[in-house]
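An overview of the molecular structure
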Number of protein chains: 2
Amino acid sequence: MTYRAPQNDILFAMSHAAGLDRGIAQGIYADLADGFAATILDQAGTFAEDVLAPINRQGDLSGSRLENGGVVTAPGWREAYAKWIEGGWAGLTAPQEAGGMALPHLLDAACLEMWTSANMAFMLCPLLSSGAILALDRHGSDDLKRIYLPKIVSGEWSATMNLTEPQAGSDLSALRTRAERQSDGSYRLFGQKIFITYGDHDMAENIVHLVLARLPDAPPGTRGISLFLAPKFLLDDNGTPGKANDVRCHSLEHKLGIHGSPTCTMIYGDKDGAVAYLVGEENRGLACMFTMMNNARLSVGLQGVALAEMATQKAIEYANERRQGRASGFSGQGMSPIAQHPDVRRMLMTMKASTMAARTICYMTAEAIDRSHRAEDETARRQAGERASLLTPVAKAFSTDIGNEVTSLGVQVHGGMGFIEETGAAQFMRDARIATIYEGTNGIQAIDLVQRKLPLSGGDTVAREIADMRETIAQVSQVNDASFGHMSARLAETVDSLQTATRYMLEALGKAPDDALAGAVPYLRLFGLARGGTALARMTLAAKQIGSDQQAHIDIARFFAENMCIAARGLELSVTEGAASVHTAEKALAS
Amino acid sequence: MTYRAPQNDILFAMSHAAGLDRGIAQGIYADLADGFAATILDQAGTFAEDVLAPINRQGDLSGSRLENGGVVTAPGWREAYAKWIEGGWAGLTAPQEAGGMALPHLLDAACLEMWTSANMAFMLCPLLSSGAILALDRHGSDDLKRIYLPKIVSGEWSATMNLTEPQAGSDLSALRTRAERQSDGSYRLFGQKIFITYGDHDMAENIVHLVLARLPDAPPGTRGISLFLAPKFLLDDNGTPGKANDVRCHSLEHKLGIHGSPTCTMIYGDKDGAVAYLVGEENRGLACMFTMMNNARLSVGLQGVALAEMATQKAIEYANERRQGRASGFSGQGMSPIAQHPDVRRMLMTMKASTMAARTICYMTAEAIDRSHRAEDETARRQAGERASLLTPVAKAFSTDIGNEVTSLGVQVHGGMGFIEETGAAQFMRDARIATIYEGTNGIQAIDLVQRKLPLSGGDTVAREIADMRETIAQVSQVNDASFGHMSARLAETVDSLQTATRYMLEALGKAPDDALAGAVPYLRLFGLARGGTALARMTLAAKQIGSDQQAHIDIARFFAENMCIAARGLELSVTEGAASVHTAEKALAS
C-alpha cells in the first residue's frame, strides 16, 4: 500500500478551519506566508511517501528484538532514521538557538500527521524527542540545554519519557523510582520503568532518558516527584557519548500493534545507580513532565487522524478496484466497484468525514498554541492559551476514538481480505488501538476537559468556543445552497445540545462531581462532534467562494452533520440523565 | 484468564426475554421442562470452563500450521476435540435418526455462546459441522444421509462450507469452480476455494466438504450453482475413510485473529478431479447453501455475544483488582479499584448491558426458529418463521457490532496492559473482528433486513414485532418503581423512532430503493437498540416479581435505555434524511 500525502486536504483545513490564512493576514504566521507552508508540506509529504511508508509493513512484521542487551530495530529503520536527521526534520519547531527552525506548531501538526500516516511506529521515536526538547528548553539548566539540546534537535540523539511503573500508571502519585543526591550535584537513579517507548534502539548514537523519580526526603504523592535526565551513554569531556550508564532495557513487550516501536522495561541502577541530572527544581517534576505530556497529547490526537487518513485512502482504493454485485447506478459491464454500493459508500464517507473533522480539531488546537505564543496582545495570548487547554483533551480523545472507528471500518470495507494480515488494513487498526490509551486514557482526557477546562476563566473559555461555533452556523445558514442540505439545522441542534450539556456540567461540578465524571466521556464526544462539524462547515464557506471544484468539502461537511452530528441529542441525554444508572452499577457488575 | 459460564444470566434471558418459561407452559419446550435446560447448561458450561477455555490462549499463540500437506492444530486441540466427541455435544440439535438429541435451538444457542466465549477458534469446527448436518438432513439423498450424517453428528467427521473464490465473495454469481458429471452418477470438481474454515485439520478422521460449483451446461449467475459433497478421504466398501480424494489445503492465511482456526485455500481437482456427490438438485445449490448460512448467521451473532461476555468478565475482574487514584465513594485504604471510578464504571456497564441486549436478540431468534417448527398451529408456525427471518440479520449484525465494540472497550479498561498481548484482552478484540465480516458482511445483513425482511407479509411481520415492543413498554410504564429511572420514556422514544424509520424504509423500497440501501446500516442498529432495550425491559418485569436479588437486571436495563437507546433519534434522522449525502459522495471519495 502506498501512502499519498493529502496536501490539498491538509492545506485546506489549515487555511480555512484552523485559520492559517487569517494568521498570515494578522502577521502571526509571517513565517508561513508566500506559500512557504505549502513548500514545507510538499517536502515533508515526499519524505513520508518515499522514506517512511515503504518500511512500515516490514516494521510490523519484524518488530524489534533484544539482542546482547541492546534493541535492534527492523530492517531499513536505521537507514530511514539517518535520512530523518539528514532532512533536518527533528528540529522543525525547536528553538533556533539549539539549531531548530522554530516553525509554528500548526505546520508541525500537519507534517506530523503525514509522517505518522506513513509510519506510526517509526514516528514515535522523534515524537518522544520533541517532548524532551520542549521540557529541557523550558525547565533545563543552561548547562543541560547547552550540552543536550542541540544533539536532540539535530536528531543525532533521541529521547525518552519514563513515567509509568507497574503500580503507577494513570496515578503517578504511586511511583517509587528512587533518586539519591551525590556530592557532585548529580543524582543516582534506582528503579524500574515500564512501557518506555524507544527505551533502547540502534538508530541514534545516544539516548537521553527523562525520568520521574522520588528523592529520599520527598513528600508523598505527586508533590514529591522530581524529573531527571539520564543519558544512555555518559558523555566524556568532549561531550561525546562514552561509558555506558547504569541503565538497560530488560525486556520488550509483545504488543497488539506498533510492532516496529520497541516498548521497553527499563532498569535503572542495577549496579551503583544510573547517573542523572536534575531537570527543573526538586519535587517539581510533574510540572516539567506536564510540559512534555501536553505537547504529546496533541501529537497522539494526530496519530488518530493519521491512521484514519491512511485507512481511508486504502479503503477507497480497494473499494474502487474490488468488484462485487451490481449497484443500481452502475452503467459499465459486469460487476460494479463496491464503492458504488450505497452501504459501502456510507462507510467510506464516514471514514473520510470523520478523519477530516478530527483533523480540523487538532489543527485548531495547534493554531491556538501558536497564537498563545505569537499574538501581539496579551489578552489574545492568554485567551488562545486557554483555548488550547480546552481543545487539547478533545483533540487527543475525539481524534483517537475516530482513529479506532475508522481503521476498524477500513477492515470492514475490505471484507474477508481485511482480516488477512497481508492486506495491511488490519495493521492500521492494531496500530491505532494504543492511541486512546497512552498519554492519559481517553477517559482521563474527558475528566480533564470537564473538571479542569470547562471552568477556565469562569466558563468564559468554553462559552467563547460555543459562540465561535454559532457564528459559523449563522454564516452557513445565510448561504442559500441546496447542496448544504440540512447541515445548518443539524449543526444548530448539535451546538444546542453542547450548550445544555455544558451548563449541566458546570453546575454538576459544584454540587454532584461524580455525576460530572460519569458523563465526561459522552460530553467529550459531543464536544468533538460540535467542534468538528462546525469547523467542516466553516470550510464549506471557503469552498463555496472558491468554486465548484471544492464541492467535495461541502459534501463532506453535509454528510458529517447529517449522519454523525445527529448523535448529539442522545449524548446530551446521556450526560444530563445518564449518571444515575452509572452510579447504581454495583450489583450489575458484582457477578 | 478463566471463563465462568454465566448460567444465571443466560437462564434468565432464556426464560424471561426469549420466552422459555412461556414455551414450557405452552408445551413447545416440553423437552426442557423440569429443570432440564439448567442441567444441560450446567454440563455445557463445565465443558467450556474446563476443556475449551484452558487451550484458547495456546491456540492464539501457536495457530495451526501446514506440514507435509496436512494441517496440524495447536497443542491440546486434538485432545479437546476427542472430549467434544465423547461428550456427545456435536449432536445437540441433530435429528435423532442420525444419532442426535434433537434439542431446541434455544438451548443450543445458549450452549454455543458459552463454548464460543471459552474458545471461538475451536468452536468454528463444530459450527461448520452443524450447518452441514442441517443442509444434508434437509437436502441430501437418503444414501448421503445414511452414510455421512451419523458420522458428522457424532463428531467423528467434521464438515466444511466451500463458497468463496477470489473473485466471488459477497457475490456468489461470479463463482467458477467446475463440476463434471461422471457415468456412475458422481461428479468431479475442479477449482479453488478460499477462506475455508477448518478446510483441513488433524482432529477428525474425515472431513466432509460441501462445495458450491457450476456444471458445464449451467445457466450463468446464481441460478447455475449446484451443491456437492466431497469427502477428504473416499470411503471404502465398509464406509471407512480410505484413499485420499483429489482435494488439498494449498496454504493457510495469516489472520488478525482466530489463529487457532485454520483458514485454508483449498484446491479441488489438481489431478483427475475431486470425487463428489450432488446434494439436492442440480442448479439449486444456492437454496441448499442458504439453509446452512441462515443457521450460521445466528451462530455468528452468538460469537459477538460470546466474545463480548468474555471481554466483560475479564474487564470486570481486572477493574476490581487494579488500583489507581481514589474514587470519591471509596472508604478503604490507599488507591481504589478502578471499577469505582465513574468513567470506568460507565465502560463496564456499557459492556455488560450491550452484551445482555445482544444476547436477548439472539435467544429470541432461536426461540422463533424453534416455534416455527414446534408450534401446534400452522399460523403460529408461519409467523414464528417470519419472525426468525426478520430477527436473524439483526441477531447477526447487531450482536457482532456489539462484539467489536465491547471487546475494544475491554482493551480500554485494561489501560496500557490491554495493548500487551499476554494480558489476553487484545485476543478477544482480534478474534471478534471477523464476525462482522463473514457469513454475509453486516452491511449485507442490513440490506437483507430492509429489502427482504421488512416487506414480509406486507409489513405485518415487522409491525407485530414493534407491537410486541410497545406492549413491554406499556407494562414497564405501569410499574411505578423509582429504580426504573427514565427507562420507559427512553424506550418509547426508541420504538417511535423505529416505527418512523420503518415506515420510511417501506416507502423508500418502492420509490427510491437506493435511499433504503443507504440507510440500511443505521436502520439495523436502531432495530437492535429497540429490540434489545425492550427485551431487557421485559426482564425487569420478571426481576421485579422475583425480588431484590434480581435488582441487577433492572439496573442494566435502565442503563441500556438511558445511555445506549438514546442514540435512536439520531439514527432515525440518519435513515430518513441521511441518504442524499451518501449518494453525493462521488467527489469527496475521488481524492
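Everything quoted here is computed from the prediction, not taken from an experiment.

Criteria and thresholds
Residues numbered from 1 in each chain as written. Chains lettered and ligands numbered in written order. Predicted model: local features only at pLDDT ≥ 70, side-chain atom pairs only at ≥ 80, totals over all residues. Heavy atoms only, no water. 1 Å grid on protein atoms, 1.4 Å probe; cavity = no way out; pocket = protein on both sides within 12 Å on 5 of 7 lines; lining within 4 Å. Points joined across faces, edges and corners; volume = space filled by probe spheres on them. Helix = DSSP H or I, 4+ residues; strand = E, 2+ residues; numbered from the N terminus. Nonpolar A, V, L, I, M, F, W, Y, C, P; charged D, E, K, R; others polar. Least-squares fit on C-alpha atoms with pLDDT ≥ 70 in both. Expected span 1.5 Å × (residues − 1). Buried < 20%, exposed > 50% of the residue type's maximum accessible area, 1.4 Å probe, protein only. Contact = heavy atoms within 4.5 Å. Buried area = accessible area lost by both parts, 1.4 Å probe. Salt bridge = Lys/Arg side-chain N within 4 Å of Asp/Glu carboxyl O. Polar contact = N/O pair within 3.5 Å; in protein donor to acceptor, adjacent residues only side chain to side chain. pLDDT = per-residue confidence, 0-100. Phe/Tyr/Trp six-rings, centres within 6.5 Å; stacked < 30°, edge-to-face > 60°. Core = buried A, V, L, I, M, F, W, Y, C linked by side-chain atoms within 4.5 Å. Axes fitted to C-alpha atoms, helices over the stretch in contact; angles between N-to-C directions. Parallel < 35°, antiparallel > 145°, perpendicular 65-115°, else oblique. Left-handed = near helix turned anticlockwise from the far one by under 90°.

Comments concerning empty space enclosed by the protein
All names here are of chain B.
- On inspection of all chains with the given rule, the structure shows three cavities of 30 Å³ or more.
- Here the second largest cavity is characterised by a volume of approximately 60 Å³.
- For the second largest cavity, the full set of lining residues is H105, D108, A109, L112, N295, L298, S299 and L302.
- Mapped by element, the contributors of at least two residues to the lining of the second largest cavity are α6 (105-118) and α9 (285-321).
- Residue composition of the lining of the second largest cavity, grouped by class: four nonpolar, three polar and one charged.

Comments concerning the relation of the copies chain B and chain A
- Laying chain B over chain A is done by rotating through 180° and shifting 0.0 Å along the axis; what remains is an RMSD of 0.0 Å. One copy is carried onto the other by what is essentially a two-fold rotation axis. Looking at the rotation axis and the C-alpha trace of chain B, the residue lying nearest is A567 of chain B, at 3.0 Å.

Looking at helix α18 (residues 551-563) of chain B
- Taking 1.5 Å of rise per residue, 13 residues should cover 18 Å, and α18 of chain B covers 18 Å from first to last C-alpha, within 8% of that figure.
- The element α18 of chain B is extensively covered by neighbouring structure, given that 13 of its 13 residues are classed as buried.

Re the interface of chain B and chain A
- Between chain B and chain A, the contact holds 85 residues from the first and 85 residues from the second.
- Together, the buried faces of chain B and chain A total about 7,400 Å²; carbon and sulfur atoms form 58% of this surface.
- Its largest share of buried area at the contact with chain A, chain B owes to R346, F419 and L589 of chain B, together 11% of the area lost on that side.
- Counting across the interface, chain B meets chain A through four salt bridges.
- Among the ionic pairs, E577 of chain B bridges to R490 of chain A, the shortest N-O distance being 2.3 Å.
- Here chain B and chain A share 42 residue pairs in polar contact (both at pLDDT 80 or more) between them.
- No other element matches α18 of chain B, which puts eight residues into the side of chain B that touches chain A.
- Among the residues forming the side of chain B that touches chain A, the class breakdown is 36 nonpolar, 28 polar and 21 charged.

Brief notes about the confidence of the model for chain A
- Chain-level statistics for chain A give a pLDDT mean of 96 and a share of 100% at 70 or above.
- The ipTM, which scores confidence in the relative placement of chains, is 0.97 for this predicted complex, and the corresponding pTM is 0.98.

Some points on the side chain of T423 of chain B
Residues and elements named next belong to chain B.
- Along the chain, T423 falls in the loop between α11 (378-413) and α12 (425-432).
- Judged by relative accessible area, which is 16%, T423 ranks as buried.
- A polar contact of 2.6 Å, which involves the side chain of T423, links it to the backbone oxygen of M417.

A word on the packing of aromatic side chains
All names here are of chain A.
- On inspection of all chains with the given rule, the structure shows 18 aromatic pairs over all chains.
- Centroid distance W89 to W115: 5.2 Å. Interplanar angle 65°. Geometry classified as edge-to-face. On the criterion of sequence distance, the pair formed by W89 in the loop between α5 (77-87) and α6 (105-118) and W115 in helix α6 is long-range, its members being 26 residues apart. For the residue pair W89 and W115, the accessibility class agrees, reading buried in each case.
- Among the aromatic residues, those joined into a ring-pair cluster are F47, W84, W89 and W115.

Structural notes on the side chain of D448 of chain A
Residue and element names in this part refer to chain A.
- On the secondary structure map, D448 appears in helix α13 (residues 442-453).
- Polar side-chain contacts of D448 include one of 3.1 Å to the side chain of R297.
- Within polar-contact distance, the side chain of D448 engages the side chain of K453 at 2.8 Å.
- Beyond its immediate stretch of four places on either side in the chain, D448 contacts R297, P393 and K453.

Structural notes on unusual backbone geometry
All names here are of chain B.
- Backbone geometry at Y198 places phi at a positive 50°, although glycine is not the residue there.
- Positionally, Y198 belongs in the loop between β5 (187-197) and β6 (206-213).
- Among the residues examined, Y198 registers a relative accessible area of 1% and is labelled buried.
- Not every positive phi belongs to a glycine, and E439 is a case in point at roughly 60°.
- One can find E439 in the loop between α12 and α13 (442-453).
- Looking at E439, the relative accessible area reads 18%, which means it is buried.

Observations regarding the pairing of strand β6 (residues 206-214) of chain A
- Here β6 of chain A lies mainly inside the structure; nine of its nine residues are buried.
- Every second residue of β6 of chain A is oriented toward a common face, with N206, V208, L210, L212 and R214 of chain A on one face and I207, H209, V211 and A213 of chain A on the other, all of them buried.

Details of α6 of chain B
- With 14 residues, α6 of chain B extends 20 Å between its outermost C-alpha atoms, agreeing within 8% with the 20 Å of an ideal straight helix rising 1.5 Å per residue.
- Burial of α6 of chain B is extensive: 14 of the 14 residues sit out of reach of the surface.

Brief notes about the nonpolar core
- Among the nonpolar cores identified, the biggest contains 312 residues, and W115, Y363 and Y523 of chain A together with W115, Y363 and Y523 of chain B are the most heavily contacted of them.
- In this view, Y363 of chain B contacts I10, A13, M14, A18, L106, A109, A110, E113 and L302 of chain B; residues no more than four positions away in its chain are not counted.

A short note on the packing of helix α14 (residues 460-478) of chain B against helix α15 (residues 487-511) of chain B
All names here are of chain B.
- Where α14 meets α15, the axes come as close as 9 Å, and the angle between the chain directions of the two elements is 165°. If you check the angle between α14 and α15, you find them roughly antiparallel. Every pair of crossing elements has a handedness; the one defined by α14 and α15 is left-handed. Every residue of α15 that contacts α14 at V462, I466, M469, R470, I473, V476 and S477 is listed here: M487, S488, L491, A492, V495, D496, L498, Q499 and T502.
- Tallied by class, the residues present in the contact of α14 with α15 amount to ten nonpolar, four polar and two charged.

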